[in-house]
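# Inside the fold
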Amino acid sequence: MSAEGMSAAAPLIAARDLVLDFHVKSAFGAAHGLRALDDVSLDVRPGEIVGLVGESGSGKTTLGKAILGAHRPGAGRILYRGTDIAALDGAGRRPFRREMQMVFQDPLSSFNPRFTIASSLALPLRLHRICPEDAIPATVAALLQRVGLRPEHAARYPHELSGGQLQRIAIARAISVTPSLIVADEAVSKLDVSVRAQVLNLLNRMNRETGVSLIFITHDLGVARFLCHRIAVMYFGRIVEIGPTAEIFANPRHPYTRSLLDARHGGSGHVATDADETALSIVDPARACNYAARCARRAPECLTARPRLDFDAAGHAAACFAPLPPASGESVT
Ligand SMILES: Nc1ncnc2c1ncn2[C@@H]1O[C@H](COP(=O)(O)OP(=O)(O)OP(=O)(O)O)[C@@H](O)[C@H]1O
Ligand code: SF4
Ligand SMILES: [Mg+2]
């Protein structure tokens, strides 16, 4: 089946075969390449919320930033409504900038501390000529109201607001330019649990009201389950499993996804021993499953070929030669 299985709507974003290397220096000064994205393909449909989950360093932020144009992939294509935006230079990319916005993890550092909220919200309105100059104050007030804040918050400075309030304003700033995609990178991780639910509800409401698509990056599978229509699980620069949220939880097929779900309950999942991991660390990731060193289901072929995502009719795929059998139908809680 095609890259994303049964897709009803034409994708808004179709990332294809992305490869992205960072050049890093070792402690002794020698430069080497670090493959942060290794043959990644991902579709995001209009109005869809796609979750990116996976452990630290798996490439979630890099993928989000590559789609936004903040990192340039070394290979592959990023089609935005059919146009390859990965191939564009800064000037060519400009018309697409308004369409894709980002909400960051730390709300305080994403605002200029010397600007009032009104000034911060006015900047993108002016930059993208969203409304006439004399309509900016009323537009700012309406934006604040839309995210559950009051007009008087406009006169405050970032340090005079709570993390939850600032994250609402960051969302207001993102939606103010009517984007078609928002990349939210750990956007609720720094918030208290009580406030987290409110901000998630706000993102959910913005998605339903405006039809904006979201790439929602998170460590928290529970949060991803609440918000996302589909979930992509990343491991060391690759998407190892992707599918509708309910399918991922009820029927995880990749051993790594299973271990992530088990870890939520203190279990060790399908993880091999440390000794296995050390012995296998010399396996060439270009020609093997990248999870082989940790996988208790490993077979000889896992060390000599790369498993590919193979989509079923429900749009669920796991990159694994020996995927876990379908579960009993009981969802993993
Ligand atoms: N600017 C950079 N320069 C060099 N290496 C980088 C850079 N940004 C990320 N990396 C490396 O690329 C890999 C992927 O990083 P990335 O930030 O995308 O992971 P992540 O999944 O977002 O992790 P986290 O959950 O910790 O945010 C990591 O090994 C990281 O160290
Ligand atoms: S391909 Fe092999 S090593 Fe990789 S996850 Fe599947 S069973 Fe484990
Ligand atoms: Mg990150």
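To be clear, the structure that these remarks concern was listed above.
Now for a look at the structure at hand. (Residues numbered from 1 in each chain as written. Chains lettered and ligands numbered in written order. Predicted model: local features only at pLDDT ≥ 70, side-chain atom pairs only at ≥ 80, totals over all residues.)

## Some details on the site of ligand 1
In the region of ligand 1, 13 residues are neighbours, and Phe 22, Ala 36, Ser 56, Thr 61 and Thr 62 sit closest. Among the elements of the structure, strand S1 (13–25), strand S2 (31–44) and helix H1 (60–68) are those that each provide at least two residues to the shell around ligand 1. Considering every element that reaches the shell around ligand 1, the biggest residue donor is H1, with three residues. Of the residues assigned to the shell around ligand 1, the class counts are four nonpolar, eight polar and one charged. (Near = placed C-beta within 6 Å. Helix = DSSP H or I, 4+ residues; strand = E, 2+ residues; numbered from the N terminus. Nonpolar A, V, L, I, M, F, W, Y, C, P; charged D, E, K, R; others polar.)

## Focus on the sheet that holds strand S7 (residues 181–185)
Strands sit in the order S6-S7-S8-S3-S9-S10-S12-S11 across an open sheet of eight strands; the sheet is mixed. Of all the strands in the sheet, just strand S6 (100–103) and strand S11 (310–311) have a single pairing partner and so form its edges. By the bridge criterion, five bridges tie S7 to strand S8 (residues 213–217) in an arrangement that is parallel. Within S8, the position partnered with Ile 182 by the bridge is Leu 214. Running over the sheet, helix H9 (residues 255–263) touches strand S9 (230–235) and strand S10 (238–244) and is turned about 105° from S9. (Pairing = 2+ DSSP bridges. Contact = placed C-beta atoms within 7 Å. Axes fitted to C-alpha atoms, helices over the stretch in contact; angles between N-to-C directions.)

## Details of the nonpolar core
Grouped together as the largest cluster of nonpolar side chains are 86 residues, with contacts concentrated most on Ile 215, Phe 216 and Val 233. Other than its neighbours up to four places away in sequence, Ile 215 contacts Val 44, Val 50, Leu 52, Gly 64, Ile 67, Leu 181 and Val 183. (Core = buried A, V, L, I, M, F, W, Y, C linked by C-beta atoms within 7 Å. Buried ≥ 20, exposed ≤ 12 C-beta atoms within 10 Å, placed from the backbone.)

## Things to note about the packing of helix H5 (residues 163–175) against helix H6 (residues 193–210)
Remark: H5 packs on H6, axes separated minimally by 10 Å, with the N-to-C direction vectors making an angle of 15°. When the axes of H5 and H6 are compared, the pair comes out roughly parallel. The interaxial crossing formed by H5 with H6 has right-handed handedness. Only Val 195, Gln 198, Val 199, Leu 202, Leu 203, Met 206 and Thr 210 of H6 make contact with H5, whose side of the interface consists of Gly 163, Gly 164, Gln 167, Arg 168, Ile 171 and Ile 175. Among the residues making up the contact of H5 with H6, the classes are represented as seven nonpolar, five polar and one charged. (Parallel < 35°, antiparallel > 145°, perpendicular 65-115°, else oblique. Left-handed = near helix turned anticlockwise from the far one by under 90°.)

## Quick notes on the site of ligand 2
Near ligand 2 you find 14 residues, and of these Cys 289, Cys 295, Arg 297, Cys 302 and Cys 320 are the closest. Residue composition of the shell around ligand 2, by class: 11 nonpolar, one polar and two charged.

## Considerations on the pairing of S10
The buried fraction of S10 is high, at six of seven residues. Counting the residues that bridge the hairpin from S9 to S10 gives two residues, and of these Phe 236 lies at a positive phi of roughly 40°.

## Quick notes on the pairing of S9
Most of S9 is tucked away: six of the six residues are buried. Across the two faces of S9 the burial is the same, with Arg 230, Ala 232 and Met 234 and Ile 231, Val 233 and Tyr 235 all buried. As judged from the six bridges shared by S9 and S10, these two strands associate in the antiparallel manner. Each residue of the ladder has a partner; that of Met 234, found in S10, is Ile 239.

## Section: helix H4 (residues 136–146)
Turning to H4, its buried residues number three or more, namely Val 140, Leu 143 and Leu 144. Here the buried residues of H4 occupy an arc of 100° about the axis, which is enough to place them on one side. Immediately downstream of H4, the backbone of Gly 148 shows phi near 85°, a positive value. (Arc of directions from axis to C-beta.)

## Quick notes on the sheet that holds S1
Two pairing modes exist for strands in a sheet, parallel and antiparallel, and in both the strands are linked by backbone hydrogen bonds. Overall, antiparallel pairing links the four strands, which are arranged S2-S1-S4-S5 in an open sheet. Edge strands, defined here as strands with exactly one partner in the open sheet, are S2 and strand S5 (83–84). One ladder, built from two bridges, connects strand S4 (residues 75–80) with S5; its direction is antiparallel. Within the sheet, the bridge partner assigned to Leu 79 lies in S5 and is Asp 84.

## Details of the environment of Val 103
By the element assignment, Val 103 lies in strand S6. Apart from the residues within four sequence positions on either side, Val 103 is in contact with Ala 170, Ile 171, Ala 174, Ile 182, Ala 184 and Ala 187.

## Examining the packing of helix H3 (residues 117–127) against H4
The interhelical angle for the contact between H3 and H4, taken along N-to-C directions, is 110°, at an axis separation of 10 Å. Relative to H4, H3 is oriented roughly perpendicular. Contact residues: H3 offers Ala 118, Leu 121, Ala 122 and Leu 125, while H4 offers Ile 136, Thr 139, Val 140 and Leu 143. Across the contact of H3 with H4, the residue classes break down as seven nonpolar, one polar and no charged.

## Looking at the environment of Phe 226
Inspection of the secondary structure puts Phe 226 in helix H7 (residues 221–227). Look at Phe 226 and you get partly exposed, because 15 C-beta atoms sit within 10 Å. Spatially, the C-alpha atoms of Phe 226 and Val 24 are 37 Å apart, while their sequence positions differ by 202 residues.

## Concerning unusual backbone geometry
Phi is mostly negative for residues that are not glycine, and the peptide bonds are mostly trans. Of note, Arg 81 is a non-glycine position whose phi angle comes to about 45°, a positive value. Structurally, Arg 81 is set in the loop between S4 and S5. Given 14 C-beta atoms within a 10 Å radius, Arg 81 is considered partly exposed. The backbone of Glu 186 shows a phi angle near 50°, a positive value even though the residue is not glycine.

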